[in-house]
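What follows is each chain in one-letter form.
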Number of protein chains: 2
Amino acid sequence: MTTRDPQATALARLAALFADETRAACLLALLDGRAWTASELARHAGVAASTLSEHLGRLVAGGLLAEERQGRHRYVRLADARVAQLVEDLAAQVAPGRAVRPRNLRESSAGAAMARGRTCYDHLAGRLGTAVTDALTARGLLQQETGFALTGAGLAWFESAGIGLDRRGRRPLARACLDWTERRPHLAGVAGAALCRHALEKEWCVRIGSERAVKVTAAGERALFDLLGVEAAALRLTPGLTEQAHHPMGR
Amino acid sequence: MTTRDPQATALARLAALFADETRAACLLALLDGRAWTASELARHAGVAASTLSEHLGRLVAGGLLAEERQGRHRYVRLADARVAQLVEDLAAQVAPGRAVRPRNLRESSAGAAMARGRTCYDHLAGRLGTAVTDALTARGLLQQETGFALTGAGLAWFESAGIGLDRRGRRPLARACLDWTERRPHLAGVAGAALCRHALEKEWCVRIGSERAVKVTAAGERALFDLLGVEAAALRLTPGLTEQAHHPMGR
DNA sequence: CTGACGCTTCGGCCGCCGCCGAAGTGTCCC
DNA sequence: GGGACACTTCGGCGGCGGCCGAAGCGTCAG
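Residues numbered from 1 in each chain as written. Chains lettered and ligands numbered in written order. Predicted model: local features only at pLDDT ≥ 70, side-chain atom pairs only at ≥ 80, totals over all residues. Heavy atoms only, no water.

Labelled according to an unreviewed UniProt entry, chain A appears under the name Transcriptional regulator, originating from Streptomyces swartbergensis.

Below, the structure written as structure tokens:
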């Protein structure tokens, strides 16, 4: 039985790249969209540098990571948006109903910060991401009734807000990404990425800590309210949701 | 280092289910949306019944498969549309640019039949799927410019064609699924499933062989032309595409 | 030049898991 | 009841791969 279904072989080989806890931790960390050095990842994952070097070799060879050598540093990042989406999809499949159960205070507060707002590769997620998505929908700029697409008014809004959308390329303009803390869709795709980039440039939100979590600034609250009618209250976690996220119903 | 990131652990555990060639072959086979018995899958994958039994145990325990016991048979199918989408996503990631390279005539003609038309869990794919999607788009029933959503006219079309859409539930009405032979999006989600079910019920197409491939009937060609203006020629593979699909550029 | 540093390679260890055949359990048919 | 059949459990085998520390290589700073 030496010849088997080549598609099954390829699928198994791809999945094997995700099927190790250390590599999974790296891929999740890289969901912040930035480039990490090998030693940062080794420290993050809690393994020896030599071990991590081999993992990176596999991930790069498998096309999941892109690398860039600078002097004695090896920077890696997710290869492209497709890979990021795959990581998100797998992570979302795993999360629903049993979000991170914090073991101590630090994990708990870090988890809450991530739940309030974070980047998901190149777009906004968490409470912030869904609040913005809801606001776009409520204003008729985005429609989710029969799919997930910007409306004509939505296109005009991006234009008037000075957020350019690159419509060349195959990447969809708007796409739903399932949020794994909110368990609801939020805006991804070209428009989601552009909005996130704009928000970081204009400092509507800033990164906190070394990972994906972001915090909405005072200027950001004002801008979100003025442009989209997002109430500051909508950006806070409701106690119920927090509770639910932190004490999920068994496995 | 006994306590690690629980999300990474869960992600790795999930991916491990896909990371075996035998299990991958089962999951791909089950993409036909039907229930298979354990022995059918064992024969399909080319392993002993005992081996496959253990694989099924893991897949069911991991939530990827649902099982149904009937007498001395154990029927399994993909647990739900979410799982099917995950399998598709992984398969699509692997396929682009290097579709199945046939080793002999049988594989080649089976591959061509799959490329012409097949089901992808519960919706239509292959040339058939993209032709229908293109026709819907060309007639203004589906819009892909700023996302992927049915238009008002699209909703009316489904209504008038007598294809009911169940709009309760969280599943999106329309969603893009990337086709791994055509390398273009086609209609999935509630509308895609309803259309596929309707097409099979009305015998616009019939299953051929024991797997996912389907063949458009004469009645089907007529119905697709009358309702959507799909030309019969659009359902045939263009030589260029076939060529490309069968002789991909390296690995 | 020298030492510090980031990364890689290598060898060796260990545990996991996919495979099989044999034996066991439950179901169906005659 | 008896035999065929679908599936499961078990024991044993073999290979893969993740882990580390030690040693090596290139880069950078002083």
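1. Some words on the protein's contact with DNA strand D
With respect to spatial proximity, 22 residues lie near DNA strand D, and among them T51 and H55 of chain A together with S39, S50 and S53 of chain B are the closest. Among atoms of DNA strand D positioned within 4 Å of the protein, sugar and phosphate together represent 74%. T51 of chain A has a polar side-chain atom sitting 2.7 Å from a phosphate oxygen of DNA strand D. When contributions to the surface near DNA strand D are tallied by element, the ones reaching two or more residues are helix 2 (21-29) and helix 4 (49-61) of chain A together with helix 3 (38-45), helix 4 (49-61) and strand 3 (73-78) of chain B. (Near = heavy atom within 4 Å. Polar contact = N/O pair within 3.5 Å; in protein donor to acceptor, adjacent residues only side chain to side chain. Helix = DSSP H or I, 4+ residues; strand = E, 2+ residues; numbered from the N terminus.)

2. Points about helix 2 of chain A
All names here are of chain A. Extensive coverage of helix 2 is indicated by the burial of 8 of its 9 residues. Three or more residues of helix 2 are buried, namely T22, R23, A24, A25, C26, L27, L28 and A29. The N-terminus of helix 2 is capped by D20, whose side-chain oxygen sits 2.9 Å from the backbone nitrogen of T22. (Buried < 20%, exposed > 50% of the residue type's maximum accessible area, 1.4 Å probe, protein only.)

3. A closer look at the relation of the copies chain A and chain B
Of the two same-sequence chains, chain A is brought onto chain B (RMSD 0.0 Å, axial shift 0.0 Å) by a rotation of 180 degrees. As the rotation angle and translation indicate, the two copies are arranged about a two-fold axis. In this assembly the copies share their binding face: 100% of the residues contributing to the interface of chain A also contribute to that of chain B. (Least-squares fit on C-alpha atoms with pLDDT ≥ 70 in both. Contact = heavy atoms within 4.5 Å.)

4. Concerning the environment of R212 of chain B
All names here are of chain B. Locating R212 in the fold gives a position in the loop between strand 10 (205-207) and strand 11 (214-216). Given a relative accessible area of 5%, R212 falls into the buried group. In the structure, R212 is positioned 88 residues away from L124 in sequence and 9.8 Å away in space, judged by C-alpha atoms. Discounting chain neighbours no more than four positions away, the residues touching R212 are L28, L31, D32, M114, G117, R118, T119, W180 and R207.

5. Examining the pairing of strand 3 of chain B
When a strand is regular, its side chains alternate between the sheet's two faces. Residues and elements named next belong to chain B. Bridging between strand 1 (residues 36-37) and strand 3 involves 2 bridges; their strand directions are antiparallel. Bridge pairing in strand 3 links T37 to Y75. By the bridge criterion, 6 bridges tie strand 2 (residues 65-70) to strand 3 in an arrangement that is antiparallel. Opposite R69, over in strand 3, you have R74 as the bridge partner. Turn length for the strand 2-strand 3 hairpin, with the two strands adjacent in sequence and antiparallel, is 2 residues, and the turn residue G71 shows positive phi of about 55 degrees. (Pairing = 2+ DSSP bridges.)

6. Here we look at the sheet that holds strand 3 of chain B
Here 3 strands make up an open sheet; going across it, the order is 1-3-2 (chain B) and the pairing antiparallel. The open sheet terminates on both sides in strands that have one partner only, identified here as strand 1 and strand 2 of chain B.

7. Let's talk about the interface of chain A and chain B
Listed per partner, the contact involves 51 residues of chain A and 52 residues of chain B. Summing both partners gives a buried area of about 4,500 Å² for chain A against chain B, and 61% of it is carried by carbon and sulfur. Interface area lost by chain A to chain B is led by Q7, L11 and T146 of chain A, which between them contribute 15%. Where R167 of chain A meets E145 of chain B, a salt bridge forms, and the shortest distance between an N and an O atom there is 3.0 Å. (Buried area = accessible area lost by both parts, 1.4 Å probe. Salt bridge = Lys/Arg side-chain N within 4 Å of Asp/Glu carboxyl O.)

8. Digging into the packing of aromatic side chains
Residue and element names in this part refer to chain A. What the rule picks out here adds up to 2 aromatic pairs over all chains. Both rings, one in W157 and one in F158, keep their centres 5.1 Å apart while their planes meet at 85 degrees; by these two values the pair is edge-to-face. For the residue pair W157 and F158, the accessibility class agrees, reading buried in each case. (Phe/Tyr/Trp six-rings, centres within 6.5 Å; stacked < 30°, edge-to-face > 60°.)

9. Regarding empty space enclosed by the protein
Residues and elements named next belong to chain A. Throughout the structure, instances matching the rule amount to 5 cavities of 30 Å³ or more. Quantified by volume, the largest cavity comes out at close to 70 Å³. Within the residue set of the lining of the largest cavity, elements represented by two or more residues are helix 7 (126-138) and helix 9 (189-201). Among the elements that make up the lining of the largest cavity, the one with the highest residue count is helix 7 (4 residues). Of the residues assigned to the lining of the largest cavity, the class counts are 6 nonpolar, 3 polar and no charged. (1 Å grid on protein atoms, 1.4 Å probe; cavity = no way out; pocket = protein on both sides within 12 Å on 5 of 7 lines; lining within 4 Å. Points joined across faces, edges and corners; volume = space filled by probe spheres on them. Nonpolar A, V, L, I, M, F, W, Y, C, P; charged D, E, K, R; others polar.)

10. A short note on the nonpolar core
Counting 73 residues, the largest nonpolar core has F18, L41 and L78 of chain A together with F18, L41 and L78 of chain B as the members making the most contacts within it. Per-element tally for this core: the top contributor is helix 1 (residues 6-18) of chain A, with 8 residues. Discounting residues that sit within four places of it in the chain, L78 of chain A has contacts with L27, L30, L31, L64, L65, A66, V83, A84 and Y121 of chain A. Counting residues in each nonpolar core, the second largest holds 33 residues, with V190, V214, L224 and L228 of chain B among its members. (Core = buried A, V, L, I, M, F, W, Y, C linked by side-chain atoms within 4.5 Å.)

11. Some thoughts on the sheet that holds strand 7 (residues 147-150) of chain B
Overall, antiparallel pairing links the 4 strands, which are arranged 6(A)-7(A)-7(B)-6(B) in an open sheet. The sheet is open, and its two borders are formed by strand 6 (142-143) of chain A together with strand 6 (142-143) of chain B, each paired with just one other strand. Pairing of strand 7 (residues 147-150) of chain A with strand 7 of chain B, which is carried by 3 bridges, proceeds in the antiparallel orientation. The partner of G147 of chain A across the bridge, within strand 7 of chain B, is A149 of chain B.

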